[in-house]
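Breakdown of the fold
This is what each chain is made of:
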Amino acid sequence: MQKAVLRFMVALLGFFLASGCAVEATKYGVIYDDYVPADEDAATDDQTDQSDQTDEEKDEKDISDIKDEEFDQDAAVSDEDTVVPDDDAAVDTGFFPAGAAWYQDISQAPKDSESDTVISNLESDGGWGNGDTFQMDFSIEVLYADSATPRRTFTPTDEFYSPDCDEAPVPVPDGGVLEGEEGYRCLSDGDCHLIVVERDEKKLYEMWRADIDGVTFNGGCMAVWDLTRLYGPDGRGDQCTSADAAGYPIAPLLFTADEVAAGSIDHAIRFILPNARIRNGVFVHPATHSTNATEGGAGTIPYGARLRLKSSFNVDGLPSEGAKVVARALQKYGMFLADGGQIALTGRSDRTTTAKWDGLLDPHDLSSLAVTDFEMIDGGERIPYTGDCVRIP
């Protein structure tokens, strides 16, 4: 009975939101009413931004080129998280509750006041990575586990940062693989992300630089995400990293071959840029972290930036139906700057999907998209990066 009442209340709330009522605050183009007051080139996608950081470097106050004029939108939104009952968690998205930032339509969201400057600087700095080619990477794997999946403890490496990262037993499915690898060995010296969705726990395990060799399991930074939780703008905690440099989760931002084949991607997408083009010393929510490897000055793009493909872009001119599906998602949901690297846009490996990338979408089908085809939506307050992580329980 209680669940039925809860579902009725959620449906009623959805009606009010759809009719434009009861909107408490707008932040980064997202309505927050829940708050109170593939190919080999992809091996260069790296969070080596963080591998260059010692514990001492993470504590440095390396702040530069911060604009004097800052935004005050944080004041309109509480940083408290909302916990969603289990039965309603991740029903529509496969990951987090539907109110998460990744799932919000930002097609009508206001541009950031720095958008024109950010895009101009990104263009003059060389545009996208990989020779200014907007290419797609299909190398990140997402594995699935349940309560019967064996748990394994790991030995933290020097790429595990405390208190940012979580040390806990990891569900490791038989026959799984790391990003860019053929098994659980990290042999390519790439990011070697290990990403596991535990369906019974409703948790997402994401580890950077995993390496499992027989009984030996070494791991870099791991973030364990509660899939029933609607995280606030400061995620797991401001100044805290995750398995990606920006501090947010990876899996919900990966588009899949099944989504493309079905004709709709209903979430924002992960993208990366070379460190030299990312603003140093600053991030914007929902990012909670930056790195000392970034080199961009004032007016460059910060971690957490959400770019939107302009509505004027001719989607019908793209070479495949799959490319059109991705482009429409970029117009409606945008893409979040998540990490440093070369291959701009990140899809998911088709190892566990029904549809396959071959014949559906080529990694170069969006290569006509230029930096100037995008705009940055309102990013809110520019937050100085200090590396002094304060975790949210």
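You'll find the structure just up there.
Figured I'd write up the structure that's included with this text.

What counts as what
Residues numbered from 1 in each chain as written. Predicted model: local features only at pLDDT ≥ 70, side-chain atom pairs only at ≥ 80, totals over all residues. Heavy atoms only, no water. Phe/Tyr/Trp six-rings, centres within 6.5 Å; stacked < 30°, edge-to-face > 60°. Helix = DSSP H or I, 4+ residues; strand = E, 2+ residues; numbered from the N terminus. Buried < 20%, exposed > 50% of the residue type's maximum accessible area, 1.4 Å probe, protein only. Lys NZ or Arg CZ within 6 Å of the ring centre and 35° of its normal. Pairing = 2+ DSSP bridges.

With that settled, consider the packing of aromatic side chains. Summed over all chains, the structure comprises 15 aromatic pairs. A ring pair is formed by Phe96 and Trp225, whose centres lie 6.0 Å apart and whose planes are at 85°; its orientation type is edge-to-face. Taken as a pair, Phe96 in the loop between β3 (82-83) and α4 (115-124) and Trp225 in strand β13 (residues 222-226) lie far apart in primary sequence, 129 residues in all. Residue Phe96 shares its accessibility class with Trp225, and that shared class is buried. Here Phe96 and Tyr231 contribute two aromatic rings whose centre-to-centre distance is 5.9 Å and whose plane-to-plane angle is 80°, an arrangement assigned as edge-to-face. With a gap of 135 residues between them, Phe96 in the loop between β3 and α4 and Tyr231 in the loop between β14 (229-230) and α6 (257-262) connect regions that are remote in the sequence. On the basis of relative accessible area, Phe96 is assigned to the buried category, the value being 2%. For Tyr231, a relative accessible area of 15% gives the class buried. A cation sits over an aromatic face here: Arg236 above Trp225, 5.6 Å from the ring centre.

Another aspect to go through is the pairing of strand β16 (residues 278-283). For β16, the tally of buried residues reaches 6 of 6 residues, placing the bulk of the element in the interior. One ladder, built from 2 bridges, connects β16 with strand β17 (residues 301-303); its direction is parallel. Bridge assignment links Phe283 to a residue of β17, and that residue is Tyr303. Direction of pairing for β16 relative to strand β22 (residues 383-384): antiparallel, over a ladder of 2 bridges. Bridge pairing in β22 places Phe283 opposite Ile383.

Overall, mixed pairing links the 3 strands, which are arranged β7-β12-β11 in an open sheet. The sheet terminates laterally at β7 (155-156) and β11 (211-213), the two strands that pair on one side only. Note: β7 against strand β12 (residues 216-219), 2 bridges, orientation parallel. Looking across to β12, one finds that Pro156 is bridged to Gly219.

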